[in-house]
Structures are given as C-alpha cells and as structure tokens.
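Spelled out, the chains give:
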Amino acid sequence: MRAIVPVMIGAGGIRNPKNEGDHATPAGILPLRRVFYRADRVASPVCQLPVEPLCPLDGWCDDPTHRDYNRHVTLPHPARHERLWRDDHVYDIIVVLGYNDDPVRPGAGSAIFMHLPPAGGGPTEGCIAMAEPELRRLLAAGLQEIEVRPV
C-alpha cells in the first residue's frame, strides 16, 4: 500500500540526523514494531503487529546515559523516562516505530511513536500523530512501515 497521509509531526520539523530533545521527527523509512493501547478507553486495534494493552507501570526510557535508553521499561525506573499511561488521550493507541533501535545509539533520539493527536492539534515532541480512525484504518490494512520525508 502506498499513500500520502497528512500527519502532525514534531515542533522541530523533520530532521536527519535527529538528536535527543530536538523535538524533530526523524526522516527515513521507519518500520512499525508493535502496538500498545489503553484497554480501559479504546478497543484493541486490528493489525498484523504484536498488540499489547498498556498498564500504569509502562514507561519508555529517554535517558541517553542509561543502558535502557530507547526501550520499553517498567516503572518505577531509575533513569529519566516517559510515562506511557497518560491522563490525556494521546497514547490511547501507540505504534512503536523502528527508529534508533537496531542498534540503539545514545543521544540519537528515543520514544518515536505514531499516536493520536495532542489536544488542540499542536505539534508533537518528535512523534507522528494522526486521527484515530485513520490510524486504525492503516493498521487494519496491514501497514508495516512508513516513510517520513519533507514535502
């Protein structure tokens, strides 16, 4: 499947190379790794990827000095991290993108996901956001990778 889909990206634009904390979305072809979702809020996405419900102890390490950098972690965690169980709805569905994960390079960026849009439709912190119906449609259609490029 090949389609151009408008999305929200990071406030730092699209960059290659990307660095931790630059609020940029990485350019390139990004494989979809797995999906997390808030089972208390939304139905499980239909897709060919591994799907797992989130729990309040799910996090993602964004500390480039820690061995768990750019990895899913269980909270509490000793290093700097992002909490995946959020009060807003942005992470009701999270698709983990294959960026800086094979191998992980400290400082090259972490926690790059496809997720739902922030309230008010503003930019992300480097992720890719789209409306839930479109995200579900793409996942159900068998989406395996996305290409991010400037227009």
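Please read these numbers as outputs of a predicted model, since none were measured by experiment.

Examining the environment of proline 150
Here proline 150 shows up in the segment after strand 11 (145-148). C-alpha of proline 150 to C-alpha of glycine 13: the two residues are 137 residues apart in sequence and 8.4 Å apart in space.

Overview of the pairing of strand 11
Alternating positions in strand 11 separate cleanly, Ile146 and Val148 being buried on one face and Glu145 and Glu147 remaining unburied on the opposite face. Here strand 3 (residues 28-37) runs beside strand 11; their pairing, made up of four bridges, is antiparallel. Looking across to strand 11, one finds that glycine 28 is bridged to valine 148.

Description of the nonpolar core
Ranked by internal contacts, the top residues of the largest apolar core, which has 22 residues, are Leu32, Val95, Leu97, Met114, Leu135, Leu139 and Ile146. Counting only elements with at least two residues in this core, the list comes to strand 3, strand 8 (93-97), helix 1 (132-140) and strand 11. By residue number, the principal contributor to this core is strand 3, which donates four residues. Listed in part, the twelve residues of the second largest apolar core include Val90, Tyr91, Ala111 and Phe113.

Side note on helix 1
Leu135, Leu138 and Leu139 are the residues of helix 1 that are buried. Viewed along the axis of helix 1, the buried residues span an arc of 100°, placing them on a single side of the element. Where helix 1 is buried, its residues contact strand 3, strand 8 and strand 9 (113-115). Just downstream of helix 1 lies glycine 142, where phi reads positive at about 95°.

A short note on the pairing of strand 8
Of all the five residues making up strand 8, five are buried; the element is thus mostly covered by neighbouring parts of the structure. Sheet topology places strand 3 next to strand 8; five bridges connect them, and they run antiparallel. Bridge pairing in strand 8 places phenylalanine 36 opposite isoleucine 94. Alignment of strand 8 against strand 9, held across three bridges, turns out to be antiparallel. Residue pairing across strands places isoleucine 94 opposite histidine 115, the latter belonging to strand 9.

What about the packing of aromatic side chains?
Per the stated rule, a full pass over the model turns up two aromatic pairs. Their ring planes at 90° and their centres at 5.2 Å tell us that tryptophan 60 and phenylalanine 113 sit as a pair that is edge-to-face. Pair noted here: tryptophan 60 is in strand 5 (residues 58-61) and phenylalanine 113 is in strand 9, with a separation of 53 residues, a long-range link. You'll find tryptophan 60 and phenylalanine 113 in the same group, each marked buried. Centre to centre, the rings of tyrosine 91 and phenylalanine 113 are 5.7 Å apart; their planes meet at 85°, and the pair counts as edge-to-face. Taken together, the positions of tyrosine 91 in the loop between strand 7 (81-83) and strand 8 and phenylalanine 113 in strand 9 put the pair 22 residues apart, joining distant regions of the chain. Taking relative accessible area as the criterion, tyrosine 91 reaches 3% and is therefore assigned buried. The class for phenylalanine 113 is buried, based on a relative accessible area of 1%. One aromatic cluster is present, formed by Trp60, Tyr91 and Phe113 through successive ring pairs. Positioned above the aromatic ring of tryptophan 85, the side-chain terminus of arginine 38 is 3.5 Å from the ring centre. When the ring centre of tyrosine 91 is taken as origin, the NZ or CZ atom of arginine 86, which lies over that ring, is 4.6 Å away.

Definitions and cut-offs
Residues numbered from 1 in each chain as written. Predicted model: local features only at pLDDT ≥ 70, side-chain atom pairs only at ≥ 80, totals over all residues. Heavy atoms only, no water. Helix = DSSP H or I, 4+ residues; strand = E, 2+ residues; numbered from the N terminus. Buried < 20%, exposed > 50% of the residue type's maximum accessible area, 1.4 Å probe, protein only. Pairing = 2+ DSSP bridges. Core = buried A, V, L, I, M, F, W, Y, C linked by side-chain atoms within 4.5 Å. Arc of directions from axis to C-beta. Contact = heavy atoms within 4.5 Å. Phe/Tyr/Trp six-rings, centres within 6.5 Å; stacked < 30°, edge-to-face > 60°. Lys NZ or Arg CZ within 6 Å of the ring centre and 35° of its normal.

By themselves, these figures tell us nothing about what the structure is for.
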